[in-house]
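Spelled out, the chains give:
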Amino acid sequence: MAFEKLKEGFQGQIFTDEETLSELQTDFGGLVASLPAAVAVPSSIKDVCTLIKTAAAEGWRVTTRGMSHSQSGQSLSQGGILLDMGPLNRIERIGRHSAWVQAGVLWSDLVRASLEENLVPPVFPSYLDVTVGGTIAVGGLGASSFKRGHLVQHVEELEVVTGEGHTARCSPDENAALFNCTRAGLGQFSIVTRAKVHLRTCAPQVRTFNLLYDNLPALMRDCELLMIEERFDYLEASAVPCPLGFKTMGETKVQFAEWFYLLQVSVEHGHTLPHDDRLLDGLRYFRKSHVEDSRTLGFATRHEALYSFWRETGMWSFTHPWVETVLPWRSAGPFIQGVLRSLPPNLLLGGQVILAPLSRENPPLPLLMLPEGERMVHFGLLPAVPRQLLPMVLPILMKASELSIEMGGKRYLSGWINFDKKQWKDHFGERWDRLVEWKRFYDPKGILNPGFIKIAD
Ligand SMILES: Cc1cc2nc3c(=O)[nH]c(=O)nc-3n(C[C@H](O)[C@H](O)[C@H](O)COP(=O)(O)OP(=O)(O)OC[C@H]3O[C@@H](n4cnc5c(N)ncnc54)[C@H](O)[C@@H]3O)c2cc1C
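Small disclaimer: the values here were computed from a predicted structure and weren't measured.

(A) Fine view of the domain arrangement of the protein. Each assigned domain of the protein is listed here: domain 1 (8–84), domain 2 (91–201) and domain 3 (205–411). For domain 1 and domain 2, the distance between their C-alpha centres works out to 21 Å. Interface of domain 1 and domain 2: buried area, both sides summed, is about 1100 Å²; carbon and sulfur atoms make up 78% of it. Looking only at domain 1, the three residues that lose the most surface to domain 2 are Ile45, Ile52 and Met67, adding up to 42% of its buried area. Where domain 1 meets domain 2, there are zero salt bridges. Linking domain 1 with domain 2 are zero residue pairs in polar contact (both at pLDDT 80 or more). With six residues, the top contributor of residues to the side of domain 1 that touches domain 2 is helix H2 (residues 45–58).

In structure tokens, the structure reads:
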């Protein structure tokens, strides 16, 4: 590529050296390697426009990169330009109900800054060191999704650069189609440069109850009750194996387990302490374990200890073929029980199995595909797998993914996904044609994020 053409007007940096390119050829998933031809580091939003205008004229492909914490090459570029949004990380303004931020801002920085004003985003992810742009492009789920839906629903306005290099503001009232396809659009139609994120007032402290269940129906019944009654501000659950030994399967022995379920429910409070008995009244856990009191910032960063442990033990650099799927409430129980029954716990290798209730949001987003029903379950098999074990683990995960789709689920698109064109069409269903139209309209040269969603014929 003749990058000389870019020189005019582009104030940022272009890297083509082998070291930089190979450093950025993989993502958190570690399953895909794609070597870009160049890495573009913009110094301003104007640089993003200049880059995209030149790329559209020259036919260069451009993939937008946040922190690359997705897991199957969504933020990688094979032979094209990787646009690193990291440097566009300014929190521009925090108002009484919202914040304007650049797309490369990390949720950790926004949450820290907004909490100084006793404000938080209505939904924030459990891992905060991902970018606002990267989560808007996917959807964003968090512990408050059981009553507030996806994070992207709480984005009020965006500034974007389209596939032709035009800057546009969009919101429900202005350029609504562009707003609709940018949110959860995986960077296919435009690049988010700035976002106005809604903020809500929060209390300074959070109390979290750790409740243990020995059966899934009881957990699901309690989750449903808590979704209806909204006693808590945050709710998350996970499945925890108790490995029991090895059983014979055909010619081999495989590890088997009984599965238990941890429900973590949290309530914000001020000086007046929450009334524990009233909050937990009628729930069917078999044991109340640790009760954690923290400042709201401590709560928002509660998973950091786990992620530090993964880093310290080397699991952070294993492969992560995460299968996350959103299931209809009615099939979640049978699906989860079926999958866990056939999941040897040692295949999880330090990862996690999460199950988080999710409520349907209104109005629905056209590209955020969800199963039917008002209530859903976000289920995730999140293993950390040494590369040499992938041949054994991937077929099990693939089967779980396929079964979830058969049972009416929709895959969450930041994970390990290698859909062919038919599977993509099935995923988007009757919205596929609209997606293709939007692509032609906003990115007529097809330069933005080619490869992951198989749109081109
Ligand atoms: C440990 C861990 C915990 C996680 N926990 C959660 C969680 O609780 N909830 C949740 O929802 N997710 C979670 N995730 C998934 C993660 O939030 C998503 O993968 C998210 O997209 C990653 O953000 P990123 O900045 O790394 O984006 P990237 O991985 O860099 O990019 C993701 C996609 O967004 C596109 N993109 C990036 N920036 C822009 C932009 N400015 N404009 C347009 N498109 C853009 C990319 O091209 C790519 O298609 C977790 C991931 C990890 C590794």
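(B) Broad picture of the site of the ligand. The immediate surroundings of the ligand are formed by 35 residues, with Thr64, Gly66, Ser70, Thr131 and Tyr412 found nearest. Take His69: an N or O atom from its main chain is 2.8 Å from an oxygen atom of the ligand. Here Asn449 contributes a side-chain N or O atom positioned 2.8 Å from an oxygen atom of the ligand. Mapped onto the shell around the ligand, the elements with two or more residues apiece are strand S3 (62–65), helix H4 (132–136) and strand S10 (190–198). Broken down by class, the residue content of the shell around the ligand amounts to 17 nonpolar, 17 polar and one charged.

(C) Representation of the pattern of salt bridges. Within this structure, the stated rule accounts for 17 salt bridges. Between Arg194 and Glu92 there is a salt bridge whose closest N-O contact spans 2.7 Å. Here Glu92 lies in strand S5 (residues 91–94) and Arg194 lies in strand S10, a separation of 102 residues in the sequence. We classify Arg194 as buried; its relative accessible area is 13%. For Arg169, the salt bridge identified is with Glu157, shortest N-O distance 2.8 Å. Here Arg169 is found in strand S9 (residues 167–170), whereas its partner Glu157 is found in strand S8 (residues 155–162), with 12 residues between them in sequence. The class of Glu157 is buried, set by a relative accessible area of 16%. Among the charged side chains, a salt-bridge network with shared partners connects Arg90, Glu92, Glu159 and Arg194.

(D) Examining the nonpolar core more closely. Counting residues in each nonpolar core, the largest one holds 95 residues, and the members touching the most others are Leu158, Trp424 and Phe428. Ranked by the residues each element gives to this core, the list is headed by H2, at seven residues. Contacts of Leu158, omitting those with residues within four sequence positions, involve Ile136, Ala168, Arg169, Cys170, Phe179, Thr182, Arg183, Val192, Arg194 and Ala195. In terms of nonpolar packing, the next biggest core, distinct from the first, is built from 47 residues, Phe209, Ala239, Trp259 and Leu381 among them.

(E) Examining the side chain of Ser34 more closely. Relative to the assigned elements, Ser34 resides in the loop between helix H1 (18–23) and strand S2 (38–41). A relative accessible area of 10% means that Ser34 is categorised as buried. When residues no more than four places from it in sequence are discounted, the contact partners of Ser34 are Leu24, Gln25, Leu76, Ser77 and Gln78.

(F) Structural view of unusual backbone geometry. Omega for the peptide link from Asn362 to Pro363 comes to -10 degrees, which places this bond in the cis form. Examined against the element boundaries, Pro363 turns out to sit in the loop between strand S17 (352–359) and strand S18 (375–382). Its identity is not glycine, yet Asn449 carries a phi of approximately 45 degrees, on the positive side. Inspection of the secondary structure assignment puts Asn449 in the segment after helix H14 (432–442).

(G) Region of the structure containing the sheet that holds S2. If you trace the four strands from one edge of the open sheet to the other, you get S1-S2-S4-S3, paired in mixed fashion. Of all strands in the sheet, those with a lone pairing partner are strand S1 (13–15) and S3, marking the two edges. Strand-to-strand twist of the sheet, defined as the mean angle between neighbouring strand axes without regard to direction, takes the value 25 degrees. Both S1 and S2 contribute to a ladder of three bridges, which runs antiparallel. By the bridge assignment for S2, Ile14 is matched with Ala40.

Rules behind the numbers
- Numbers given to residues run from 1 along each chain, matching the order in which its sequence is written.
- Only residues with pLDDT of 70 or above have their local features reported here, since the model is predicted, and side-chain atom pairs are shown and tallied only from 80 upward, although totals for entire chains, interfaces and linings are computed over all residues.
- Side-chain calculation: all heavy atoms of the structure are included, whereas hydrogens and water are not.
- Either an automatic procedure or a domain database provided the assignment from which the domain bounds are taken.
- Summed over both partners, the accessible area lost on bringing two parts together, with a 1.4 Å probe, is the buried area.
- Salt bridges are counted wherever a side-chain nitrogen of Lys or Arg sits within 4 Å of a carboxyl oxygen of Asp or Glu.
- In protein, a polar contact requires one atom able to donate a hydrogen and another able to accept it; more generally it is a pair of N or O atoms within 3.5 Å, and residues adjacent in sequence count only if both atoms are side-chain atoms.
- In this text, helices come from DSSP runs of H or I with a minimum length of four residues, and strands from runs of E with a minimum of two, each type numbered from the N-terminal end.
- Throughout this document, a residue counts as near a molecule or strand when at least one of its heavy atoms sits within 4 Å of that molecule or strand.
- Put simply, Ala, Val, Leu, Ile, Met, Phe, Trp, Tyr, Cys and Pro go in the nonpolar bin, Asp, Glu, Lys and Arg in the charged bin, and everything else, Gly too, in the polar bin.
- Exposure categories follow from relative accessible area, calculated using a 1.4 Å probe and restricted to protein chains: below 20% of the type maximum is buried, above 50% is exposed, and the middle band is partly exposed.
- For this analysis, a nonpolar core means a set of buried residues of the types Ala, Val, Leu, Ile, Met, Phe, Trp, Tyr and Cys, connected via side-chain atoms within 4.5 Å.
- Note on contacts: a residue pair qualifies if any of its non-hydrogen atoms lie within 4.5 Å across the two residues.
- When DSSP finds two or more bridges between two strands, those strands count as paired.
- All axes here are fitted lines through C-alpha atoms, helices being fitted over the stretch that makes contact, and every angle between N-to-C directions spans 0 to 180 degrees.

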